[in-house]
Amino acid sequence: IERVFNDKEAAKELVRFPRFMFEAKNNDKFVTNSGGSASPFINDVVSVVPSKITYTTDNKHRILTETHRNEDGEIVGELTNLWNNDRLTQVTWRSKDEERRIVYVYTASGECISEYDYRNNVLERVVTIEGADETEELYKDGKVVLRAQWEDGRKISEERVTIN
């Protein structure tokens, strides 16, 4: 699938396709905020509207790659989705300047319980989910430097962690 953006201002609202293409028929904007694109770790790079995106899908209509191109047809980055059954297990963004990778971990019943965020193969952030509660840890030089607790989407505490 190839998608060309002729009006960049209008395209800002419509840049994300559903992770499963067949879900699009029920979506009047043909977009979604679910899956890996919902992670703040990668939103800043995938929300930039390119001139063209080429999508590849598998036999289950899941998006495997999104190749983003500029006005000159040059590749500015590629988003790759890895799937295990119908669970999105990894999202990777590669551009000439950097690589970002999000790894999702699930319970046997399919509930996402953690997210690991890497920039250029260096761990930067881990989110652990228990029901409506989340713990977010930020890393520097392989060690936790900040830990935040969230309940029902609201931050209830934040602590700096001393690096020894």
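Caption draft 1: Spatial organisation of the packing of aromatic side chains. By the definition in use, this model includes zero aromatic pairs. Geometry around Phe41 places Arg100 over its ring, the cationic atom sitting 5.8 Å from the centre. Positioned over the ring face of Tyr118 is Arg101, at 4.3 Å from the centre of the ring.

Caption draft 2: Representation of the pattern of salt bridges. Overall, the coordinates contain 14 salt bridges when judged by the stated rule. Among the salt bridges present, the one from Glu98 reaches Arg100, with a minimum N-O distance of 2.9 Å. With respect to burial, Glu98 and Arg100 carry one shared label: buried. Counted as one network, the salt bridges with shared partners bring together Asp44, Glu98, Arg100, Arg119 and Glu124.

Caption draft 3: Region of the structure containing the nonpolar core. In terms of nonpolar packing, the biggest core is built from 11 residues, these being Phe41, Ile42, Val45, Val46, Leu79, Trp83, Leu88, Val91, Trp93, Ile102 and Tyr104. At the level of secondary structure, the elements contributing two or more residues to this core comprise helix H2 (40-46), strand S4 (75-84), strand S5 (87-94) and strand S6 (99-106). Here this core takes four residues from H2, the largest share from any one element.

Caption draft 4: Examining the side chain of Thr67 more closely. Positionally, Thr67 belongs in strand S3 (residues 63-69). A relative accessible area of 9% places Thr67 in the buried class.

Caption draft 5: Molecular detail of unusual backbone geometry. Located in the positive-phi region is His61, a residue other than glycine, with phi close to 70°. Look at Asn85: it is not a glycine, yet its phi comes out positive at around 60°. With respect to the helices and strands, the residue Asn85 is situated in the loop between S4 and S5.

Caption draft 6: Representation of the environment of Cys112. Within the secondary structure, Cys112 is located in strand S7 (residues 112-119). Classification of Cys112 as partly exposed rests on a relative accessible area of 24%.

Caption draft 7: Here's a closer look at the pairing of S7. In the sheet, S6 pairs with S7 via seven bridges, with the strands oriented antiparallel. Across the sheet, the residue bridging to Tyr106 is Cys112, located in S7. Hairpin connection, S6 to S7: the antiparallel pair is bridged by five residues, and Gly110 has positive phi, about 100°. Of the strand pairs in this sheet, S7 and strand S8 (residues 122-130) are connected by six bridges, and their pairing is antiparallel. Bridge assignment links Asp117 to a residue of S8, and that residue is Arg125. In sequence, S7 turns back onto S8 through a hairpin of two residues, with Asn120 there showing a positive phi of about 50°.

Parameters and conventions
- Residues numbered from 1 in each chain as written.
- Predicted model: local features only at pLDDT ≥ 70, side-chain atom pairs only at ≥ 80, totals over all residues.
- Heavy atoms only, no water.
- Phe/Tyr/Trp six-rings, centres within 6.5 Å; stacked < 30°, edge-to-face > 60°.
- Lys NZ or Arg CZ within 6 Å of the ring centre and 35° of its normal.
- Salt bridge = Lys/Arg side-chain N within 4 Å of Asp/Glu carboxyl O.
- Buried < 20%, exposed > 50% of the residue type's maximum accessible area, 1.4 Å probe, protein only.
- Core = buried A, V, L, I, M, F, W, Y, C linked by side-chain atoms within 4.5 Å.
- Helix = DSSP H or I, 4+ residues; strand = E, 2+ residues; numbered from the N terminus.
- Pairing = 2+ DSSP bridges.

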